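Now for the letters of each chain:
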Amino acid sequence: MARDYTDIEAKWQARWSAAGINVASRDERPKFMIIFAYPGVTGYLHVGHLRGYTYADAIGRYKRILGYNVMFPVGTHATGNGAISLAKRIKRKDQDIIRYMKDNGCTDEQLRGLNDPMSVVDFFNNIYVNDYWKRFGFLADWRRFTCTLYPDYGMFIKWQFRKLMEAGLLIQKPYYAPFCSNCGPVAIDASETDISKGGNAETQEYTLLKFDFGEMKLVAATLRPETVYGQVCFWINPDTEYVKITHNGEIWVVSKPAADKLAMQFDDIQAFGTVRGRDLIGWTCKAPIVGRIIPILPAKFCDPEVGTGMVTSVPSDSPDDWINLKYIKDHPNDYAKYGLDGKTIASINPISIIKIEGYGDMPAKDAVESLGITSPDDPRLEEAKKQVYKDGFHAGRMRETCGPYAGMRVDEAKDKIKQAMIDSGEAEIFHDLSEEVVCRCGETVHIKRVDDQWFIDYGNRELTKKTSEHCRDMEIYPPEYHANVHGVLDWFRERACVRQGNWLGTRFPFDDKWIIEAISDSTLYPAYYIVSVYANNGNIKPENMTEKFFDYVMLGRGDAKEVAAEAGISVSLLCNIREDVKYWYPLDINLGGKEHMTVHFPVFLFNHMAVLPEDMQPKGIIVNWYITGKKSKISKSKGGAQPIPGAVEAFGVDAMRLYYSHVASMFVDVEWNEEMVVSYRQRLDRIFSFAEDMMQMSGDMSDIDRWLCSRFNAHVTGIRGSMERYDLRQLATTAYYEMFNDLKWYVRRGGSDKATINDALRVWIQSMMPITPHMAEELWEMAGFEGFVSDSLYPESKGIDSSAEYGEDLIRSTISDVAQIRKVASIDATKIYIYTAAAWNRKIYSIAADILESGNGLTIPGLTKESMADPEIRNNGKAASELAKKVATEMVRESPAKLHLYSDSDEHAVLSEASRFMSEEIGIPVIVLSADDDMKYDPKGKSSAAVPGRPAIYLE
RNA sequence: GCGGGGGUAGCCAAGCUGGCCAACGGCAUAGGACUUAAGAUCCUAGACCUUAGGGUUUCAUGGGUUCGAAUCCCAUCCCCCGCACCA
């Protein structure tokens, strides 16, 4: 039973390749261009990644048999520092990485070659193409393969940026970037590519509040500038040594780490002295905005590493402040050593500033008390703080103590108060990370102000509007994303598009010190696949790819002769490429994982709109969800996931492709489950054997042949309809279950006609080809069909034979009714009598059909009256009026054609024909009689219950 | 918080432009066929009740719209994801 799928796969992959059916060249057919969002080259992929890629191939294959000229190109994205850090780690023989590489099949010899980033990229490019995509039977046009680090690709990116500049979408402004003093800019993300600690850190915006203290200013950093009206004291860590710095003509006092951080964000910071925390305590300072003179108190919780190491105190709304102030008030004697007298301490009283539903005057107090916090060291203070902040920010209103802001919503007041203080010189803005971030080199990462950072202006109103409008006409799946993408586009603002430091990528064309970052160089690239084939075969070199060259081939700008001369290529080549672009673009489908919904897809759309004309805008997006591991996403960096070569070996490519396609819709995460894959593989085994058996049959035509043809025509219509929506799961259900079941029923019913079987097999194999192409080719060949099924043409439906289907349904439902009666009545029958309905019954259906056709509407009185006009019907009196009533109520929404099936079908002939079959199925002799037969055997008078579609049954 | 998605029978998972739905399909389960046996395969059953093909109650919970709702509306509870220089 077990087949060698590996051999079958290899055989057909080789034949496809030899025949070049994967190659996409311009011709007269309509085109279809599909890509999947290329993966970043960051290591080995696992079985989950192949899900989306497989969908792209299956869709491409389906379009191919519909007669489209399909282009399915692939590439990889290697921009960034992934390859750099991988190469570094291999070079320094990092044990984790060596083990990871070896576990995935990398040999020692290969490892030795992987000590520079480009070797790493080439190594993985090779694996992706050969071990993954080709191994999965993809009909991709391999000649078009490209990678973001190829020089020719870089020329295209430079051109893209020149066009963005031309469109006024490149802007420069200051930017606050995570920065390592050794390595330059670093990326902070959960996968921790650049850093060794702090992947979840966020950049936070602090407001620096300046408190007059003699000629100096004590500077506190706060995330809640709206609470300044509640300031009643000032916290300083007595054990910290603070530094004095000058900035903008002012003298500031901040912690030493804060001074260093400030120096990265302000140009003029000069440190010139120190001041001990304990020396400041007991004095007073003047709070901004309120002008209140407040005492300086000691607080150990002031961390010199956070903010400025000084904190303004708003006990009404800050649980920390509340509990600390309470502690001091309760233990005034402990503070005498700081020169604080009890009277001063006692005079400090919180000021109520924010009204929140469900809280009293002092939200901080309520939060602290409801959690039962009594000590300043309680770790639950963090929770209390979050709760108060959250409730206050979203549900709070400023009280009358807040001057001009009284009555305002807190979220609104926050920005206004902050801005007012900045305008009056009482505050400035400072950026800091929410937790410690450490660079891979060991240095702590801080936020640095970059003045001349380049951004792509995705906030541009006109661009957003045009892009958003275009999306309405696109095919975007799932539909939820089609609805939601507008929101995502609106939400986009400027986005930093270049960076410096440890980075592989294309140099920014307007300033060489910048390198284009990883999102920005992977948005317009589908168009480049049209050109890459000419770069790959050597017809055109990177130096030929001038701005005018791309202007001509992408935008049709300029004069062919002049452009060709300038670029140094022939006019015919130039025009040929231009024709290719006109033929292939726009892209029909860009398929990618759900992680792309908020970043890649929007910028993909924006860049197309910004650079290319109306008729080259993308037509479709499909988003696929993940295959996950137990409990968590199987991550390529974590290892341990099922490696692809092993899985392919164990299950076979087709079984995996069927698994991806059928186990769930595209739009839901699925937990990887080997048993499922095995069960799909078994289904393929069964289909294989069954199809082989069918090929051996050579019987005669019978009624069941009409039925099978009709069913398969319905399936063809169904598949065509589902695939309009790219619904591969429905395709799989039809091809691997419904069609299979129908064929089994056909055989069970004695079907064996060679011609019918041939037709059915042809369509069946074609229907399976998009998902299990290798098996399909094998069967196609065994059945003796010409050429490749991958290269065949899918038929149109030849129509439905509803009377054949009606007859077959009648037989099935009769068998099922018999079974049910036997079960419920627990009768041990020895013979079964089936009575078909009397002719007058059918007449009523016929009359009902006429009424429906006339458009008068089917009603009980209407049908009864017309029926009773017929003497034969009237003779049956009550039974007739009952049936008329039943028909009128049940069939009121049916089509006349359906009613005619009831009235015109010769049920007696159908069931008599099938009586032997039914006897075999049921296991007891079945005798078919007609209610019209006066001489029939009918001891219990059951026959009168027979109606069309439902013969009477008597068990004896 | 903002934005988005979801809760379906033992498990996974379709359906969700309202009626063809007791609800596709798979896995697991039970009965039968085949077999010396096991396995594989095939058929049948599958919420509950029912001695004639019938009935009753289901699609997170509670309301509502409708002749009719898993499907539409409202409220509640619970789960998941994205929030930027990260592809």
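All figures in this text were calculated on a predicted structure; none of them were measured in a lab.

> What am I meant to see in the packing of helix α19 (residues 560–567) against helix α20 (residues 571–584) here?
Any two packed helices are characterised by how steeply their axes cross, that is the angle between the axes, and by the distance between the axes. Interhelical geometry of α19 versus α20 gives an angle of 110° and a closest axis separation of 9 Å. In terms of orientation, α19 and α20 fall into the roughly perpendicular class. The way α19 lies across α20 gives a crossing that is right-handed. Within the contact between the two elements, α19 uses A560, K561, V563 and A564 and α20 uses V571, L574 and C575.

> Please explain the sheet that holds strand β27 (residues 620–624) as it appears in this structure.
Strands in a sheet are paired, the pairing made by backbone hydrogen bonds, and the direction either parallel or antiparallel. Spatially, β2-β1-β26-β27-β22 is the arrangement adopted by the 5 strands of the open sheet, whose pairing is parallel. Both edges of this open sheet fall to β2 (69–71) and β22 (475–477), since each of them pairs with a single strand only. Here the strands of the sheet are splayed against their neighbours by 15° on average, with no regard to which way each runs.

> Explanation requested: the domain arrangement of chain A in the structure shown.
Many analyses report the size of an interface as the accessible area lost when the parts associate. Taken as a whole, chain A is organised into domain 1 (203–433), domain 2 (687–803) and domain 3 (812–955). Computed from C-alpha atoms alone, the centre-to-centre distance between domain 1 and domain 3 is 87 Å.

> Sorry if this is basic, but what is going on with the side chain of S316 here?
The topology assignment puts S316 in the loop between β16 (310–313) and α10 (319–330). A relative accessible area of 0% places S316 in the buried class. A polar contact is formed between the side chain of S316 and the backbone oxygen of I351, at a distance of 3.1 Å. Non-local contacts of S316, meaning those with residues more than four positions away in its chain, are made with P350, I351, S352, I353, M362, P363, A364 and K365.

> Explanation requested: the packing of helix α24 (residues 674–695) against helix α26 (residues 728–748) in the structure shown.
Between α24 and α26, the shortest axis-to-axis distance is 12 Å and the interhelical angle comes to 35°. In terms of crossing hand, the pair formed by α24 and α26 is left-handed. Taken together, the residues of α26 that come into contact with α24 (itself represented by Y680, R683, L684, R686, I687, F690 and M694) are Y736, Y737, F740, L743, K744, Y746 and V747. For the contact of α24 with α26, a count of residues per class yields 11 nonpolar, no polar and 3 charged.

> Just to check I follow, could you spell out helix α27 (residues 754–768) for this structure?
Since the α-helix advances by 3.6 residues per turn, residues separated by three or four positions end up pointing in the same direction. Relative to the 21 Å expected for 15 residues at 1.5 Å per residue, α27 spans 21 Å between its end C-alpha atoms, a close match to the ideal helical length. In the core, the buried residues of α27 are packed alongside α2 (50–65), α24, α25 (703–724), α26 and α28 (773–782). Backbone nitrogen of A755 and a side-chain oxygen of the N-cap are separated by 3.3 Å at the start of α27; the cap is D753.

> What should I look at first to understand the environment of A413 in this one?
Among the secondary structure elements, A413 is positioned in helix α14 (residues 410–423). Sequence separation between A413 and G556 is 143 residues; the distance between their C-alpha atoms is 53 Å. When sequence neighbours within four positions are dropped, the list of residues in contact with A413 reads M398 and M408.

> In this structure, what is going on with helix α18 (residues 547–555)? I would like to understand it.
Taken across its 9 residues, α18 has 7 buried, putting it largely inside the fold. Among all positions in α18, only F549, F550, D551, Y552, V553, M554 and L555 are buried. One or two residues past the end of α18 sits G556, with phi positive at roughly 70°.

> Looking at this model, I keep getting lost on the pattern of salt bridges. Mind explaining?
Oppositely charged side chains can form a pair if their charged atoms are brought close together. Counted by the stated rule, this structure contains 52 salt bridges. Across the salt bridge formed by R92 and D94, the nearest N and O atoms sit 3.7 Å from each other. Accessibility expressed as a relative area gives 56% for R92, which makes it exposed. Of the charged contacts, one joins K513 and D452 as a salt bridge, the two residues approaching to 2.7 Å between their closest N and O atoms. A residue pair is termed long-range when its members are at least 10 positions apart, and K513 in the loop between β24 (498–499) and β25 (515–516) and D452 in strand β21 (residues 446–457) qualify at 61 residues. D452 gets classed as partly exposed once you look at its relative accessible area, which sits at 25%.

Analysis parameters
- Residues numbered from 1 in each chain as written.
- Chains lettered and ligands numbered in written order.
- Predicted model: local features only at pLDDT ≥ 70, side-chain atom pairs only at ≥ 80, totals over all residues.
- Heavy atoms only, no water.
- Axes fitted to C-alpha atoms, helices over the stretch in contact; angles between N-to-C directions.
- Helix = DSSP H or I, 4+ residues; strand = E, 2+ residues; numbered from the N terminus.
- Parallel < 35°, antiparallel > 145°, perpendicular 65-115°, else oblique.
- Left-handed = near helix turned anticlockwise from the far one by under 90°.
- Contact = heavy atoms within 4.5 Å.
- Pairing = 2+ DSSP bridges.
- Domains from an automatic or database assignment.
- Buried < 20%, exposed > 50% of the residue type's maximum accessible area, 1.4 Å probe, protein only.
- Polar contact = N/O pair within 3.5 Å; in protein donor to acceptor, adjacent residues only side chain to side chain.
- Nonpolar A, V, L, I, M, F, W, Y, C, P; charged D, E, K, R; others polar.
- Expected span 1.5 Å × (residues − 1).
- Salt bridge = Lys/Arg side-chain N within 4 Å of Asp/Glu carboxyl O.

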